Protein chains: 2
Amino acid sequence: MARDATTPAECYFYYPHLACVVGVRDEARDSANFAPVTWATPLSSDPPLYGVCISPGAHTHRLLLAAGEFTVNFLAAAERSLVARLGALSGREVDKVRELSLALEPGRAIGAPALAAAYVFAECLLVERHVFGDQTLFVGAVQHVQARPGAFDDHGVLRLEAAAPLLYLGGNRWASAVAAPADGEK
Amino acid sequence: MARDATTPAECYFYYPHLACVVGVRDEARDSANFAPVTWATPLSSDPPLYGVCISPGAHTHRLLLAAGEFTVNFLAAAERSLVARLGALSGREVDKVRELSLALEPGRAIGAPALAAAYVFAECLLVERHVFGDQTLFVGAVQHVQARPGAFDDHGVLRLEAAAPLLYLGGNRWASAVAAPADGEK
């Protein structure tokens, strides 16, 4: 089959990706900061580790190094404008919590808060960091997970009809997920 | 809001995730191996780096160390049964290319082949690896991307109407992506 050949920089081949919002304490302001991060992945089951990529120039990068803990928050597609606003504002310039009147949910295992709007969030202790190219991979040991009741089924699988997650497509494009058509396969 | 508190092991909080199939050469068989990998993420823009997590016990882990290069292949939701079959078979026991009569696409920059069924694939040179918990993160320097014509728009964003991607939800559940409803926001 003929194919379009492109350079990596010209093609978001790796999207859609679940939008993730990283929450960290901002001690200097006695507040917190929340920033969308789309390059993120589980790294290990046992122990449970989750990694997020953050640019060294980002305000969140500095806060995360200082705080040593963070929440990862996942939001429904209906919260797209909130995620876009969190990305458009700089935590260096404004306190996003006050600016956007964000409702917070306290962590149980760590001091970083989560977004009340999240259908699920995980609390992570920073255990390692590695520089890869123009990003730092922060590795968090997942301490605790809090989910909105009914968002996940008894097997821990997201119920798309209860929480249609926000996915990022690249540029200013967003998506959500729908169950794949049944094909008789288990 | 009351929330369900769960341990990380009980909740696939990080799904859906784009299903990714890693392709590597299998020199001993003069063939190749393809394995679904759902824990994967871009790691850097410049240079373009892409990371995939693979269990040290997996056949692909050994092949990837030997070959030093790999393709990452992304498939449409319609190819769910192919991805499920690739995951159910062990490359240690069978040659999946012959067993499933896989049509291959040659890499241009590396020797590892790709799946002809993929709507896009990227060719990667293995440049680093790191052990995180029970997985190894293989870091690939993306050399080249080949996409099915029309799968991406002029901005390099996936056209969901042309290629509805396969997403993994956890357990035996799969999903696809749909454009998020417009809300007037850019």
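Asks: So what exactly am I meant to see when it comes to unusual backbone geometry here?
Replies: Most of the time, phi is negative for any residue but glycine, and the peptide bond is trans. A:Tyr15 connects to A:Pro16 through a cis peptide bond whose omega is 10 degrees. Position of A:Pro16 relative to the elements: it lies in the loop between strand S1 (4-6) and strand S2 (17-18). In this model, A:Asp46 is joined to A:Pro47 through a cis peptide bond whose omega is 5 degrees. For A:Pro47, the position within the fold is in the loop between strand S5 (40-44) and strand S6 (49-54). With a phi close to 50 degrees, B:Asp30 is a non-glycine residue in the positive phi region. Positive phi is not limited to glycine here, since B:Ser101 has a value of about 50 degrees. Relative to the helices and strands, B:Ser101 is located in the loop between helix H3 (96-99) and strand S8 (104-105).

Asks: Please explain the relation of the copies chain B and chain A as it appears in this structure.
Replies: Look at the two chain copies: a rotation about an axis and a shift along it is all it takes to match them. With an RMSD of 0.0 Å, the fit of chain B onto chain A corresponds to turning through 180 degrees and sliding 0.0 Å along the axis. Here the symmetry operator amounts to a two-fold rotation axis. Among all residues of chain B, the minimum C-alpha distance to the rotation axis is found for B:Ala177, at 2.2 Å. By residue overlap, the copies meet face to face through one surface: 100% of the interface positions of chain B are interface positions in chain A.

Scoring rules and cut-offs
- Residues numbered from 1 in each chain as written.
- Chains lettered and ligands numbered in written order.
- Predicted model: local features only at pLDDT ≥ 70, side-chain atom pairs only at ≥ 80, totals over all residues.
- Heavy atoms only, no water.
- Helix = DSSP H or I, 4+ residues; strand = E, 2+ residues; numbered from the N terminus.
- Least-squares fit on C-alpha atoms with pLDDT ≥ 70 in both.
- Contact = heavy atoms within 4.5 Å.

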